[in-house]
Amino acid sequence: MEYYSSNSAVAAVPVAVVVPDIDISIMGIGSGEMGVIWKQMKAPLIVPLLKVAVVVCLAMSIMLFVERVYMGIVIALVKLLGCRLKPERRYKWEPLNLKEEEDLEMGININSNIYPMVLVQIPMYNEREVYQLSIGAACGLSWPSDKIIVQVLDDSTDPVIKNMVEVECARWGSKGINIKYEIRENRKGYKAGALKEGMKHSYVKQCDYVAIFDADFQPDPDFLSRTIPFLIHNPQIALVQARWKFVNADECMMTRMQEMSLDYHFTVEQEVGSSTYAFFGFNGTAGVWRISALNEAGGWKDRTTVEDMDLAVRATLKGWKFLYLADLKVKNELPSTFKAYRYQQHRWSCGPANLFRKMAIEIIANKKVSAWKKFHVIYSFFLVRKIVAHVVTFTFYCVVLPATVVVPEVEVPKWAAVYIPSTITLLNALSTPRSLHLVVFWILFENVMSMHRTKATFIGLLEVGRVNEWVVTEKLGDPALKNKSDLIKLPRKPAATRIRNIIQRIHLLEIGVGAYLFICGCYDVAFGKNSYFLYLFLQSIAFFVAGFGYVGTFVPS
């Protein structure tokens, strides 16, 4: 998910000031010779390039600003119109049978003929901490036992964990749950490959719908009874997507920051896409697909690391509609280690850019959907949210804006340095009212993460390097379910191990950017007129904190 901003620390009006030629060596940047080279390159090369960079960043900022304001207006209208735009009013919905729904909740035998056959898929990989929670929640769904199949797709490579998952499936099977434990010989295609193989089993042919939950997701018992009726009564709907609810949002500052970003995604981006009948992406979990629509779209493909988004775009191009239920929340876990979060954000940023590269022409050439929907998918969904948002956040606020301190001949308008980022920040922060007091920390953290997202975006667009890297997000389990008695005090580790753990926490890229911002801040203190140093020092501290590994929880390998 991508959210970007600056802060009020750069509120002064940027003006061009005449700064005497400074021997850059006094800033610790280089020798006297380097200072001479800098003077010779500055006017003919550095200044024009920086002016071009500012213009490009201003254009991207305007694109992002317009997109955010548009979505803010739509959400305001949704809130004002209230019940008139509720999913139950926009689409036909009624319980399969109210009396039988109540009997089902009470465990009373009912006539299951009115219920469609549902497949519940749970893909997992070495999920020691959470496998029991997801399997238990899936097996606890309120649905006739002869109309549901729980399919555990275990790609675990750890034989101990694999055995634990198999035993857990057998335990639920002994209770009368129709649960299938499926494994395969390799991990080809990762999650997409596992889901694709799962759909090939003969018993799947009798199923009409498939609900998908990642290993850390815990749906409430009424999940199917609240989603399936939309699919039954509205044959044009292919997907019903639920919202995520984070069980460990208060575990550390990093999880609070993630909650703020993801709340905006679910309360604004997904709601806007659903309410305007435009497009929104499948989140890969906590959703129910019509199997016929899934198959018509071409099934699961592993050509990118965002198989969920790939499927959603292809289904949209076939004319299928999606529905988002903001009131239906499914509990899940946020990554609480910086390492896991960086891997996740790489996948979430690289995958969409790579998918855009692969599907842009196909979307433009499509004849089944309207020009408005194609414009929304290409411009709004992909270009602005998945590419521009990442690039402008890091490039403008962490590279170009600081550079104008050292090259005062280049001006940045006040509206671009202050008003636009402030508006975007406010629109994002309102999605999580309980965290408004943390908005400054959120800004600084998001700017740090924008570096990784920008790098991943270009990897995806250029299809190089780690473009197909898939590292499963590490889960540590719901901290609320862990008793103090479970915490065992470990013996003090050898010095070599402690040193190795410290080295694991160091990230040179963050330290490098932090040093660049700090130098720019020092220059601004000495020679600047815009007070940018307030923002630059704060942002450099954020990069240093991340660079030395003091973000999130730390679990030594």
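Remember, it's a predicted structure, so these values are computed and weren't measured experimentally. (Residues numbered from 1 in each chain as written. Predicted model: local features only at pLDDT ≥ 70, side-chain atom pairs only at ≥ 80, totals over all residues. Heavy atoms only, no water.)

**Thoughts on the packing of helix α8 (residues 253–275) against helix α14 (residues 439–462)**
So the rule is basically this: Every axis in this analysis is a line fitted to C-alpha atoms, fitted for helices over the stretch in contact. Angles between the N-to-C directions lie between 0 and 180 degrees. Numbering of helices and strands runs from the N terminus; a helix is a DSSP stretch of H or I covering at least four residues, while a strand is a stretch of E covering at least two. Orientation labels follow simple angle bins: below 35 degrees gives roughly parallel, above 145 gives roughly antiparallel, 65 to 115 gives roughly perpendicular, and whatever is left gives oblique. The contact criterion used throughout is that any non-hydrogen atoms of two residues lie within 4.5 Å. Each residue is assigned to one of three groups, with Ala, Val, Leu, Ile, Met, Phe, Trp, Tyr, Cys and Pro labelled nonpolar, Asp, Glu, Lys and Arg labelled charged, and all others, Gly among them, labelled polar.
Relative to each other, α8 and α14 sit at 90°, their axes nearing to 10 Å. Taken together, the axes of α8 and α14 are roughly perpendicular relative to one another. Residue-level contacts link M254, M257, M260 and S261 of α8 to V439, F441, W442, F445 and E446 of α14. Its residues assigned to classes, the contact of α8 with α14 shows seven nonpolar, one polar and one charged.

**As for the side chain of K374**
Put simply, the rule reads: Each residue is placed in one exposure class: buried if its accessible area under a 1.4 Å probe, protein chains only, is under 20% of its type's maximum, exposed if it is over 50%, and partly exposed if it falls in between. Only four residue types enter the tally: Lys and Arg on the positive side, Asp and Glu on the negative side; His and the chain ends are excluded. The rule for a salt bridge is simple: a side-chain nitrogen of Lys or Arg has to be within 4 Å of a carboxyl oxygen of Asp or Glu. The term polar contact refers here to a pair of N or O atoms within 3.5 Å; inside protein, the definition further demands a hydrogen-donor-capable atom paired with an acceptor-capable atom, and it admits residues adjacent in sequence only when both atoms are side-chain atoms.
Here K374 is to be found in helix α12 (residues 371–406). For the buried residue K374, which engages in no salt bridge, the nearest side chain bearing the opposite charge is E362, 12 Å off. There is a polar contact of 3.1 Å between the side chain of K374 and the backbone oxygen of I364.

**Observations regarding helix α17 (residues 533–547)**
Selection criterion: Every helix has an expected span of 1.5 Å times one less than the residues it contains. In this description, the arc belongs to the directions extending from the helix axis to the C-beta atoms.
Its 15 residues place the ends of α17 20 Å apart at the C-alpha level, agreeing with the 21 Å of an ideal helix rising 1.5 Å per residue. Of the positions making up α17, those classed as buried are Y535, L536, Q539, S540, A542, F543, A546 and G547. In a view along the axis of α17, the buried residues occupy a sector of 155°, so they form one face of it. Taken from the residues just after α17, G549 is the one with a positive phi, measuring 80°.

**Examining the nonpolar core**
Soluble globular proteins tend to pack their nonpolar side chains together in the buried interior. We apply this condition: Side-chain atoms within 4.5 Å are what join buried Ala, Val, Leu, Ile, Met, Phe, Trp, Tyr and Cys residues into a set we call a nonpolar core.
Ranked by size, the top nonpolar core spans 93 residues in total, and within it I135, F223 and W289 carry the most contacts. Broken down by element, the residue count for this core peaks at seven residues, all from strand β5 (residues 237–246). Those residues in contact with F223, other than ones at most four positions away along the chain, are L141, A211, F213, A242, A286, G287, V288, L328 and V330. In terms of nonpolar packing, the next biggest core, distinct from the first, is built from 54 residues, M60, M254, V400 and L438 among them.

**Observations concerning the pairing of strand β2 (residues 148–154)**
The cut-off we apply is this: In this scheme, strands are said to pair when DSSP sees at least two bridges between them. When the strands point away from the viewer and the connection leading from the first strand across the helix to the second strand turns clockwise, the crossover is called right-handed.
Of all seven residues that make up β2, seven are buried, and the element is covered over most of its length. The pairing of strand β1 (residues 118–124) with β2 spans seven bridges and is parallel. Following the sheet pairing, I122 is matched in β2 by V152. Of the crossover connections in this fold, the one passing from β1 over helix α4 (residues 131–139) to the parallel β2 is right-handed. The pairing of β2 with strand β3 (residues 179–182) spans four bridges and is classified as parallel. Note that in β3 the partner of Q151 across the bridge is K180. The parallel pair β2 and β3 is bridged by helix α5 (residues 159–173), and the resulting crossover is right-handed.

**Considering the packing of aromatic side chains**
We apply this condition: Between rings of Phe, Tyr and Trp, where Trp is taken as its six-membered ring, a pair exists when centres lie within 6.5 Å; planes separated by under 30 degrees are stacked, by over 60 edge-to-face, and by other angles tilted. To sit over a ring, a charge needs its Lys NZ or Arg CZ within 6 Å of the ring centre and within 35 degrees of the ring normal.
Taken as a whole, this structure holds 24 aromatic pairs when the rule is applied. Taking 6.1 Å as the distance between ring centres and 40° as the angle between the ring planes, the aromatic pair formed by W93 and F230 counts as tilted. Here the residue W93 occupies a position in the loop between α2 (87–90) and α3 (98–105), and F230 occupies one in helix α7 (residues 223–233), the gap between them amounting to 137 residues. Residue F230 is classed as buried on the basis of its relative accessible area, which comes to 1%. A cation over an aromatic ring shows up here: R90 above the ring of Y277, its NZ or CZ 4.9 Å from the ring centre. Sitting over the ring of W172, K175 keeps its end group 4.5 Å from the ring centre.

**Considerations on α12**
As a reminder of what qualifies: The term bend refers to the angle at a residue between two fitted axes, each drawn through seven residues, those ending there and those starting there.
The terminal C-alpha atoms of α12, which comprises 36 residues, lie only 46 Å apart, well short of the 52 Å expected from a rise of 1.5 Å per residue. Along α12, the helix axis deviates most sharply at L383, where the bend reaches about 45°. Most of α12 sits out of view: 29 of its 36 residues are buried.

**Topic: the pattern of salt bridges**
Pairs can form between side chains of opposite charge whenever their charged atoms are close. Under the criterion given, the structure shown has 21 salt bridges. Note that R68 and E269 form a salt bridge whose closest N and O atoms lie 3.9 Å from each other. With R68 in helix α1 (residues 32–81) and E269 in helix α8, the pair connects residues that are 201 residues apart, well separated along the chain. Pair check on accessibility: R68 and E269 agree, each one buried. Of the charged contacts in the structure, one is a salt bridge between E127 and K475, with a shortest N-O distance of 3.2 Å. Residue E127 is located in the loop between β1 and α4, and its partner K475 is located in the loop between α14 and α15 (495–505); the two are separated by 348 residues in the primary sequence.

**Quick notes on the side chain of E271**
Along the chain, E271 falls in helix α8. This buried residue, E271, is left without a salt bridge; R90 holds the nearest opposite charge, at 5.0 Å.

**With respect to a nonpolar patch on the surface**
Formally: Two joining distances apply to patches: 9 Å for like charges and 5 Å for nonpolar side chains (Val, Leu, Ile, Met, Phe, Trp, Tyr), and every residue must have over 30% relative accessible area and no salt bridge. All accessible-area figures derive from a Shrake-Rupley calculation using a 1.4 Å probe, and residue coverage is judged against the displayed protein chains alone.
A cluster of nonpolar side chains, namely I502, I506, L508, L538, I541, V545, F548 and Y550, defines an oily patch on the protein surface of about 800 Å² accessible area. Residue classification places F548 among the partly exposed positions, given a relative accessible area of 41%.

**A word on the sheet that holds β1**
Strand order in the open sheet made by the seven strands is β3-β2-β1-β4-β6-β5-β7, with mixed pairing throughout. Strands with a single pairing partner mark the edges of an open sheet, and in this sheet they are β3 and β7 (321–332). The average undirected angle you get between the axes of adjacent strands in this sheet is 20°. Pairing of β5 with β7 involves nine bridges; the strand directions are parallel. Looking across to β7, one finds that K245 is bridged to K331.

**With respect to the packing of helix α11 (residues 338–365) against α14**
As a reminder of what qualifies: When the near helix sits turned anticlockwise from the far one by under a right angle, the crossing is termed left-handed; a clockwise turn instead gives a right-handed crossing.
Following both chains from N to C, one finds α11 and α14 inclined at 40°, their axes separated by 7 Å at the closest point. With respect to α14, the axis of α11 lies oblique. Of the two possible hands of crossing, α11 and α14 adopt the one that is right-handed. Of the residues in α14, those in contact with F338, Y341, R342, Q345, H346, S349, C350, A353, N354, F356 and R357 of α11 are F445, E446, M449, H452, R453, A456, T457, I459, G460, L461 and L462. Taken together, the residues of the contact of α11 with α14 sort by class into eleven nonpolar, seven polar and four charged.

**Observations regarding unusual backbone geometry**
Non-glycine residue N126 carries a positive phi angle of around 50°. Relative to the helices and strands, N126 resides in the loop between β1 and α4. For Y190, which is not glycine, the phi torsion reads 50° and is therefore positive. Checked against the element boundaries, Y190 lands in helix α6 (residues 190–198).

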